[in-house]
Each structure stands twice: as C-alpha cells, then as structure tokens.
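Listed below are the residues making up each chain.
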Amino acid sequence: WDTTVAGGQPHNLSLYDNIVKEAHEEAGVPSEWLRNDASNKAFSDHTHDPLTMTTAKEDGSCMKRSFYYSFDLQVPDEWQPTPVDGEV
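In what follows, the accompanying structure is described. Computed from a prediction, not measured in an experiment: that's the story for all the values here.

### A few points about the overall build of the chain
Scanning the chain from terminus to terminus reveals one helix and four strands. N-terminal to C-terminal, the α/β element order of the chain is α-β-β-β-β. For the chain, the spread of C-alpha atoms along the principal axes amounts to about 45 × 30 × 30 Å. Here the chain holds 88 residues, and the buried ones make up 15% of them. Sequence separation of at least 24 residues holds for 45% of the intrachain contacts in the chain that already meet a minimum separation of 6. Just so you have it, the chain exposes about 6,700 Å², and 51% of that area is on carbon and sulfur atoms. On the chain, the mean spot of the 6 positive side-chain charges and the mean spot of the 16 negative ones are 8 Å from each other.

### Notes on the nonpolar core
By size, the foremost hydrophobic cluster in this structure holds eight residues: I19, V20, A23, A27, V29, L34, F43 and F71. Per-element accounting of this core gives the leading share, four residues, to helix α1 (residues 15-27). Those residues in contact with V20 that sit more than four places away from it in its chain are S31 and L34.

### Regarding the side chain of E22
Checked against the element boundaries, E22 lands in helix α1. Reaching out from E22, the side chain makes a polar contact with the side chain of K21 at a distance of 3.1 Å. With near-sequence residues (within four places) excluded, E22 lies in contact with V5, A6, G7, G8 and A27.

### Quick look at α1
An ideal rise of 1.5 Å per residue puts 18 Å on 13 residues; α1 measures up with 17 Å between its terminal C-alpha atoms. All of the buried residues in α1 are N18, I19, V20, E22, A23 and A27. Next to the buried residues of α1 lie β4 (71-73). Just past α1, the residue G28 takes up positive phi, approximately 70 degrees.

So, how was this worked out
- Residues numbered from 1 in each chain as written.
- Predicted model: local features only at pLDDT ≥ 70, side-chain atom pairs only at ≥ 80, totals over all residues.
- Heavy atoms only, no water.
- Helix = DSSP H or I, 4+ residues; strand = E, 2+ residues; numbered from the N terminus.
- Buried < 20%, exposed > 50% of the residue type's maximum accessible area, 1.4 Å probe, protein only.
- Contact = heavy atoms within 4.5 Å.
- Areas by Shrake-Rupley, 256 points an atom, 1.4 Å probe, with all protein chains shown as cover.
- Lys, Arg positive; Asp, Glu negative; His and termini not counted.
- Charge placed at Lys NZ, Arg CZ, Asp CG, Glu CD.
- Core = buried A, V, L, I, M, F, W, Y, C linked by side-chain atoms within 4.5 Å.
- Polar contact = N/O pair within 3.5 Å; in protein donor to acceptor, adjacent residues only side chain to side chain.
- Expected span 1.5 Å × (residues − 1).

Here it is, written out as structure tokens:
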C-alpha cells in the first residue's frame, strides 16, 4: 500500500468526491487524473470491496472496526507528489 493520499471520510462527501479532495490536498493530484469513467485507464476504483480491520489497545480496550477503501492511480514516472494543504 502507498498511503500518500489518505484521510477520514466526512459524512457530507461521497467516497469519490473525498478522494478527489484528499488527493489534491495531500499530493497535488490534478482532479482530471481521477476522472472516473471508462476512458480513464489510469484510475481504478476499488470501493466496492473495502478492507475491514478490527483493532484494539494492547489491554483489549478501545476496540474499533475500520473500513479502508482503495483507489489505484497510475502517474507519470517524472511526477512527484507535492502537498498543497500546508499539513506536514
């Protein structure tokens, strides 16, 4: 996994709209690279099959279940991710 782009899922955005937002903020990915249609072979949406993980603290407390949705994006070899949101 490469988690260059990751983030929580806001209740008011679709999974797709959130990945477009997060990819731009965290890596400077142009939104047109994430066009979700049959003509875009560089972008793959895997949200139909999320990874589910259950985690807890060592003492067994704070158990939670997390869902991880993934997208794949082929980028040009010379492209370098650049954060644009000021977060480090």
